[in-house]
Amino acid sequence: MTMKIAVIGSGTMGNGIAHVFAQNGFEVALIDVSQEALTKAVTTIGKNLDRMITKGTVTEDEKAQTLQRITSYTALQQGVQEADLVIEAATENVEIKMDLFRQLEEFTKPGCILASNTSSISITKIASVTKRPDKVIGMHFMNPVPVMKLVEVIRGYSTSNEVTEQIIDLSKQLGKIPAEANDYPGFVANRILMPMINEAIYTLFEGVAGVEEIDTIMKLGMAHPMGPLQLADFIGLDVCLSILRVLHDGFGQPKYAPCPLLVNMVQAGHKGVKTGQGFYSYTHGTKDLVVADTFKK
(Lines give C-alpha, C1' and ligand atoms only; values in the text may rest on other atoms or scores of the structure.)
Protein backbone atom coordinates (compact mmCIF):
# COMPACT_ATOMS: atom_id res chain seq x y z
CA MET A 1 0.00 0.00 0.00
CA THR A 2 1.36 3.42 -0.99
CA MET A 3 1.62 5.94 1.81
CA LYS A 4 -0.75 8.91 1.74
CA ILE A 5 1.20 12.16 2.05
CA ALA A 6 0.15 15.56 3.40
CA VAL A 7 2.31 18.67 2.86
CA ILE A 8 1.68 21.76 4.98
CA GLY A 9 2.64 25.02 3.26
CA SER A 10 2.37 25.66 -0.49
CA GLY A 11 5.32 28.04 -0.90
CA THR A 12 8.51 27.27 -2.83
CA MET A 13 9.49 24.27 -0.69
CA GLY A 14 5.97 22.94 -0.08
CA ASN A 15 4.91 22.93 -3.71
CA GLY A 16 8.25 21.34 -4.70
CA ILE A 17 7.80 18.55 -2.13
CA ALA A 18 4.19 17.96 -3.27
CA HIS A 19 5.37 17.88 -6.91
CA VAL A 20 8.06 15.25 -6.26
CA PHE A 21 5.76 12.94 -4.27
CA ALA A 22 2.89 13.22 -6.78
CA GLN A 23 5.24 12.63 -9.73
CA ASN A 24 6.39 9.42 -8.04
CA GLY A 25 2.89 7.99 -7.65
CA PHE A 26 1.86 9.23 -4.17
CA GLU A 27 -1.51 10.80 -3.37
CA VAL A 28 -0.76 14.23 -1.88
CA ALA A 29 -2.87 16.60 0.21
CA LEU A 30 -1.40 20.11 -0.16
CA ILE A 31 -2.49 22.35 2.71
CA ASP A 32 -2.33 26.12 3.13
CA VAL A 33 -4.47 28.72 4.93
CA SER A 34 -4.69 30.68 1.65
CA GLN A 35 -6.67 29.35 -1.32
CA GLU A 36 -4.86 31.89 -3.50
CA ALA A 37 -1.49 30.44 -2.43
CA LEU A 38 -2.72 26.91 -3.22
CA THR A 39 -3.90 27.93 -6.69
CA LYS A 40 -0.54 29.61 -7.34
CA ALA A 41 1.31 26.48 -6.09
CA VAL A 42 -0.56 24.12 -8.44
CA THR A 43 0.09 26.53 -11.34
CA THR A 44 3.81 26.55 -10.44
CA ILE A 45 3.90 22.73 -10.36
CA GLY A 46 2.23 22.68 -13.79
CA LYS A 47 4.83 25.10 -15.20
CA ASN A 48 7.70 23.06 -13.73
CA LEU A 49 6.25 19.92 -15.31
CA ASP A 50 5.99 21.77 -18.65
CA ARG A 51 9.73 22.49 -18.44
CA MET A 52 10.33 18.78 -17.87
CA ILE A 53 8.15 17.95 -20.91
CA THR A 54 10.28 20.33 -23.01
CA LYS A 55 13.40 18.49 -21.81
CA GLY A 56 11.81 15.13 -22.61
CA THR A 57 11.92 13.82 -19.02
CA VAL A 58 8.11 13.79 -18.53
CA THR A 59 5.20 13.15 -20.93
CA GLU A 60 1.89 15.09 -21.17
CA ASP A 61 0.12 12.06 -19.66
CA GLU A 62 2.54 11.95 -16.71
CA LYS A 63 1.96 15.67 -16.12
CA ALA A 64 -1.82 15.15 -16.05
CA GLN A 65 -1.49 12.16 -13.68
CA THR A 66 0.86 14.09 -11.37
CA LEU A 67 -1.56 17.01 -11.07
CA GLN A 68 -4.51 14.65 -10.51
CA ARG A 69 -2.73 13.17 -7.47
CA ILE A 70 -2.62 16.57 -5.70
CA THR A 71 -5.67 17.72 -3.72
CA SER A 72 -5.69 21.17 -2.10
CA TYR A 73 -7.08 21.93 1.37
CA THR A 74 -7.38 25.11 3.42
CA ALA A 75 -8.49 23.18 6.55
CA LEU A 76 -5.60 21.46 8.35
CA GLN A 77 -7.72 18.75 9.99
CA GLN A 78 -9.39 17.77 6.72
CA GLY A 79 -6.06 17.65 4.88
CA VAL A 80 -4.12 15.49 7.37
CA GLN A 81 -6.71 13.08 8.80
CA GLU A 82 -5.98 10.26 6.29
CA ALA A 83 -2.21 10.88 6.01
CA ASP A 84 0.45 8.28 6.80
CA LEU A 85 3.16 10.95 6.60
CA VAL A 86 2.80 14.71 7.13
CA ILE A 87 5.63 17.00 5.99
CA GLU A 88 5.50 20.48 7.46
CA ALA A 89 6.99 23.12 5.16
CA ALA A 90 5.72 26.28 6.86
CA THR A 91 7.66 29.46 7.61
CA GLU A 92 11.00 28.94 9.41
CA ASN A 93 9.59 30.09 12.76
CA VAL A 94 9.77 27.88 15.84
CA GLU A 95 6.45 29.05 17.37
CA ILE A 96 4.53 28.47 14.12
CA LYS A 97 6.03 25.00 13.76
CA MET A 98 5.36 23.99 17.37
CA ASP A 99 1.77 25.18 17.12
CA LEU A 100 1.29 23.12 13.95
CA PHE A 101 2.74 19.99 15.57
CA ARG A 102 0.41 20.39 18.56
CA GLN A 103 -2.51 20.36 16.10
CA LEU A 104 -1.04 17.46 14.13
CA GLU A 105 -0.86 15.40 17.33
CA GLU A 106 -4.62 15.91 17.66
CA PHE A 107 -5.70 15.62 14.00
CA THR A 108 -3.59 12.74 12.60
CA LYS A 109 -3.83 8.96 12.98
CA PRO A 110 -1.71 7.59 15.89
CA GLY A 111 0.68 5.80 13.50
CA CYS A 112 1.23 8.83 11.26
CA ILE A 113 4.86 10.01 10.92
CA LEU A 114 5.32 13.75 11.46
CA ALA A 115 8.20 15.30 9.51
CA SER A 116 9.49 18.85 9.30
CA ASN A 117 11.29 20.41 6.35
CA THR A 118 12.99 22.84 8.75
CA SER A 119 16.49 23.84 7.72
CA SER A 120 17.73 24.60 11.24
CA ILE A 121 15.11 24.37 14.03
CA SER A 122 15.50 21.54 16.56
CA ILE A 123 13.51 18.40 15.71
CA THR A 124 13.71 17.40 19.38
CA LYS A 125 12.09 20.70 20.41
CA ILE A 126 9.33 20.33 17.79
CA ALA A 127 8.76 16.69 18.87
CA SER A 128 8.41 17.73 22.53
CA VAL A 129 4.90 19.12 21.92
CA THR A 130 3.64 15.72 20.66
CA LYS A 131 2.96 12.39 22.35
CA ARG A 132 4.90 10.54 19.64
CA PRO A 133 8.46 11.93 19.61
CA ASP A 134 9.63 8.57 18.23
CA LYS A 135 7.64 9.35 15.05
CA VAL A 136 8.92 12.92 14.56
CA ILE A 137 11.78 13.45 12.12
CA GLY A 138 13.44 16.08 9.94
CA MET A 139 13.14 15.75 6.17
CA HIS A 140 15.14 18.72 4.85
CA PHE A 141 14.74 18.97 1.08
CA MET A 142 16.95 21.32 -0.95
CA ASN A 143 15.68 24.09 -3.23
CA PRO A 144 14.60 23.63 -6.03
CA VAL A 145 13.10 20.36 -4.77
CA PRO A 146 12.33 18.72 -8.16
CA VAL A 147 15.99 19.24 -9.24
CA MET A 148 18.14 18.84 -6.12
CA LYS A 149 18.95 15.24 -5.14
CA LEU A 150 19.72 15.61 -1.43
CA VAL A 151 17.35 14.99 1.47
CA GLU A 152 18.98 15.70 4.83
CA VAL A 153 17.27 13.26 7.23
CA ILE A 154 17.46 14.54 10.81
CA ARG A 155 16.95 12.26 13.80
CA GLY A 156 15.52 13.95 16.87
CA TYR A 157 16.67 12.76 20.30
CA SER A 158 13.81 10.23 20.44
CA THR A 159 13.29 9.41 16.73
CA SER A 160 13.10 5.62 16.33
CA ASN A 161 15.36 3.56 14.07
CA GLU A 162 12.27 2.20 12.32
CA VAL A 163 10.97 5.67 11.40
CA THR A 164 14.44 6.80 10.28
CA GLU A 165 14.75 3.74 8.00
CA GLN A 166 11.26 4.34 6.59
CA ILE A 167 12.09 7.95 5.69
CA ILE A 168 15.45 6.95 4.17
CA ASP A 169 13.70 4.31 2.01
CA LEU A 170 10.96 6.78 1.06
CA SER A 171 13.53 9.40 0.01
CA LYS A 172 15.12 6.81 -2.29
CA GLN A 173 11.69 6.04 -3.80
CA LEU A 174 11.55 9.72 -4.81
CA GLY A 175 14.86 9.38 -6.64
CA LYS A 176 16.62 11.37 -3.91
CA ILE A 177 19.83 10.64 -2.03
CA PRO A 178 19.21 10.72 1.75
CA ALA A 179 22.00 11.66 4.17
CA GLU A 180 21.44 11.19 7.90
CA ALA A 181 22.30 13.84 10.51
CA ASN A 182 21.73 14.18 14.25
CA ASP A 183 19.70 17.00 15.74
CA TYR A 184 22.05 19.87 16.57
CA PRO A 185 21.66 23.52 15.44
CA GLY A 186 21.81 23.87 11.66
CA PHE A 187 22.25 20.07 11.27
CA VAL A 188 25.04 19.64 8.66
CA ALA A 189 24.00 21.63 5.58
CA ASN A 190 23.36 24.98 7.24
CA ARG A 191 25.93 24.61 10.00
CA ILE A 192 28.57 24.67 7.25
CA LEU A 193 26.83 26.82 4.61
CA MET A 194 25.57 29.73 6.71
CA PRO A 195 28.91 30.67 8.34
CA MET A 196 30.40 30.72 4.80
CA ILE A 197 27.64 33.06 3.57
CA ASN A 198 28.00 35.19 6.71
CA GLU A 199 31.77 35.41 6.18
CA ALA A 200 31.20 36.50 2.57
CA ILE A 201 28.89 39.27 3.84
CA TYR A 202 31.51 40.32 6.42
CA THR A 203 34.10 40.41 3.60
CA LEU A 204 31.84 42.86 1.72
CA PHE A 205 30.96 44.80 4.92
CA GLU A 206 34.64 45.30 5.77
CA GLY A 207 35.48 46.49 2.24
CA VAL A 208 37.81 43.62 1.37
CA ALA A 209 36.13 43.16 -2.04
CA GLY A 210 32.95 43.97 -3.95
CA VAL A 211 29.89 41.79 -4.55
CA GLU A 212 30.97 40.55 -7.99
CA GLU A 213 34.56 39.95 -6.93
CA ILE A 214 33.57 37.86 -3.90
CA ASP A 215 31.19 35.72 -5.94
CA THR A 216 33.62 35.37 -8.86
CA ILE A 217 36.44 34.21 -6.56
CA MET A 218 34.22 31.56 -4.97
CA LYS A 219 32.77 30.39 -8.29
CA LEU A 220 36.02 30.18 -10.23
CA GLY A 221 38.36 29.41 -7.33
CA MET A 222 36.23 26.90 -5.42
CA ALA A 223 34.06 25.55 -8.28
CA HIS A 224 30.83 26.70 -6.60
CA PRO A 225 27.93 26.87 -9.10
CA MET A 226 26.94 30.28 -7.70
CA GLY A 227 28.71 32.71 -5.39
CA PRO A 228 27.73 32.94 -1.69
CA LEU A 229 26.11 36.40 -2.05
CA GLN A 230 23.98 35.32 -5.01
CA LEU A 231 23.10 32.14 -3.12
CA ALA A 232 22.06 34.21 -0.06
CA ASP A 233 19.73 36.25 -2.31
CA PHE A 234 18.30 33.02 -3.71
CA ILE A 235 17.71 31.47 -0.26
CA GLY A 236 16.32 34.76 1.13
CA LEU A 237 18.35 37.06 3.35
CA ASP A 238 15.67 36.86 6.05
CA VAL A 239 15.97 33.05 6.03
CA CYS A 240 19.79 33.28 6.25
CA LEU A 241 19.46 35.68 9.19
CA SER A 242 16.99 33.44 11.00
CA ILE A 243 19.23 30.34 10.57
CA LEU A 244 22.31 32.25 11.79
CA ARG A 245 20.33 33.30 14.88
CA VAL A 246 19.41 29.65 15.53
CA LEU A 247 23.12 28.74 15.28
CA HIS A 248 24.18 31.68 17.46
CA ASP A 249 21.55 30.92 20.13
CA GLY A 250 22.12 27.16 19.96
CA PHE A 251 25.91 27.19 20.28
CA GLY A 252 26.42 30.53 22.05
CA GLN A 253 29.57 31.15 20.02
CA PRO A 254 30.42 34.56 18.51
CA LYS A 255 31.54 32.98 15.22
CA TYR A 256 27.84 32.47 14.35
CA ALA A 257 26.83 36.11 15.03
CA PRO A 258 25.07 37.54 11.93
CA CYS A 259 26.93 40.32 10.11
CA PRO A 260 25.40 43.77 10.90
CA LEU A 261 25.07 44.40 7.14
CA LEU A 262 22.81 41.34 6.81
CA VAL A 263 20.69 42.53 9.75
CA ASN A 264 20.33 46.02 8.21
CA MET A 265 19.40 44.67 4.77
CA VAL A 266 16.63 42.49 6.22
CA GLN A 267 15.33 45.38 8.34
CA ALA A 268 15.27 47.54 5.18
CA GLY A 269 13.16 44.90 3.42
CA HIS A 270 15.94 43.89 0.99
CA LYS A 271 15.60 40.11 1.25
CA GLY A 272 16.97 38.99 -2.11
CA VAL A 273 15.19 37.51 -5.12
CA LYS A 274 11.74 37.45 -3.48
CA THR A 275 11.72 41.23 -2.88
CA GLY A 276 13.62 42.12 -6.07
CA GLN A 277 16.60 43.52 -4.16
CA GLY A 278 19.47 42.01 -2.20
CA PHE A 279 23.16 42.02 -3.06
CA TYR A 280 21.91 42.01 -6.65
CA SER A 281 18.90 43.70 -8.23
CA TYR A 282 16.20 41.49 -9.79
CA THR A 283 13.82 44.15 -11.15
CA HIS A 284 15.41 44.80 -14.55
CA GLY A 285 13.55 42.02 -16.37
CA THR A 286 16.54 39.97 -17.57
CA LYS A 287 18.42 36.98 -16.17
CA ASP A 288 21.68 38.96 -16.11
CA LEU A 289 23.20 39.50 -12.68
CA VAL A 290 23.12 43.21 -11.83
CA VAL A 291 24.76 44.38 -8.59
CA ALA A 292 22.31 46.35 -6.42
CA ASP A 293 22.84 50.13 -6.53
CA THR A 294 23.86 50.16 -2.84
CA PHE A 295 26.93 48.06 -3.65
CA LYS A 296 27.96 49.61 -6.97
CA LYS A 297 31.37 51.22 -6.94
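Now for a look at the structure at hand. This is a predicted model, so every value here is computed, not measured.

Across its full length, the protein holds 12 helices and 10 strands. Going through the 297 residues of the protein one by one, you find that 48% of them count as buried. Sequence separation of at least 24 residues holds for 65% of the intrachain contacts in the protein that already meet a minimum separation of 6. Charged side chains of the protein number 27 positive and 32 negative; the gap between the two group centres comes to 1 Å.

Note that strand S7 (residues 150-155) and strand S8 (residues 177-182) share 6 bridges and pair parallel. Counted as the bridge partner of Arg 155 is Asn 182 from S8.

Here the second largest pocket is characterised by a volume of approximately 270 Å³. Around the second largest pocket, the lining is made up of 15 residues, and of these Val 94, Ser 120, Ile 121, Ser 122 and Val 246 lie nearest the centre. Here the element with the most residues in the lining of the second largest pocket is helix H11 (residues 237-251); it accounts for 5 residues. Each residue belonging to the lining of the second largest pocket can be placed in one class, and the counts come to 5 nonpolar, 5 polar and 5 charged. When residues of the lining of the second largest pocket are assigned to domains, at least three fall in each of domain 1 (5-182) and domain 2 (190-295).

What follows is about a positive patch on the surface. There is a patch of like positive charges on the surface, built from Lys 47, Arg 51, Lys 55 and Lys 287. Of note, Lys 47 is situated in helix H2 (residues 35-55).

In an α-helix, one full turn covers 3.6 residues, which means residues spaced three or four apart are oriented alike. Here helix H9 (residues 211-222) spans 16 Å end to end across 12 residues, near enough to the 16 Å set by a 1.5 Å rise per residue. Considering only its buried residues, H9 is in contact with helix H8 (189-205), helix H10 (228-235), strand S9 (280-281) and strand S10 (290-291). Just downstream of H9, Ala 223 is the residue with a positive phi angle, here 60 degrees.

The rules we used
- Residues numbered from 1 in each chain as written.
- Predicted model: local features only at pLDDT ≥ 70, side-chain atom pairs only at ≥ 80, totals over all residues.
- Heavy atoms only, no water.
- Helix = DSSP H or I, 4+ residues; strand = E, 2+ residues; numbered from the N terminus.
- Buried < 20%, exposed > 50% of the residue type's maximum accessible area, 1.4 Å probe, protein only.
- Contact = heavy atoms within 4.5 Å.
- Lys, Arg positive; Asp, Glu negative; His and termini not counted.
- Charge placed at Lys NZ, Arg CZ, Asp CG, Glu CD.
- Pairing = 2+ DSSP bridges.
- 1 Å grid on protein atoms, 1.4 Å probe; cavity = no way out; pocket = protein on both sides within 12 Å on 5 of 7 lines; lining within 4 Å.
- Points joined across faces, edges and corners; volume = space filled by probe spheres on them.
- Nonpolar A, V, L, I, M, F, W, Y, C, P; charged D, E, K, R; others polar.
- Domains from an automatic or database assignment.
- Patch = residues over 30% accessible without salt bridge, like charges linked within 9 Å, V, L, I, M, F, W, Y side chains within 5 Å.
- Areas by Shrake-Rupley, 256 points an atom, 1.4 Å probe, with all protein chains shown as cover.
- Salt bridge = Lys/Arg side-chain N within 4 Å of Asp/Glu carboxyl O.
- Expected span 1.5 Å × (residues − 1).

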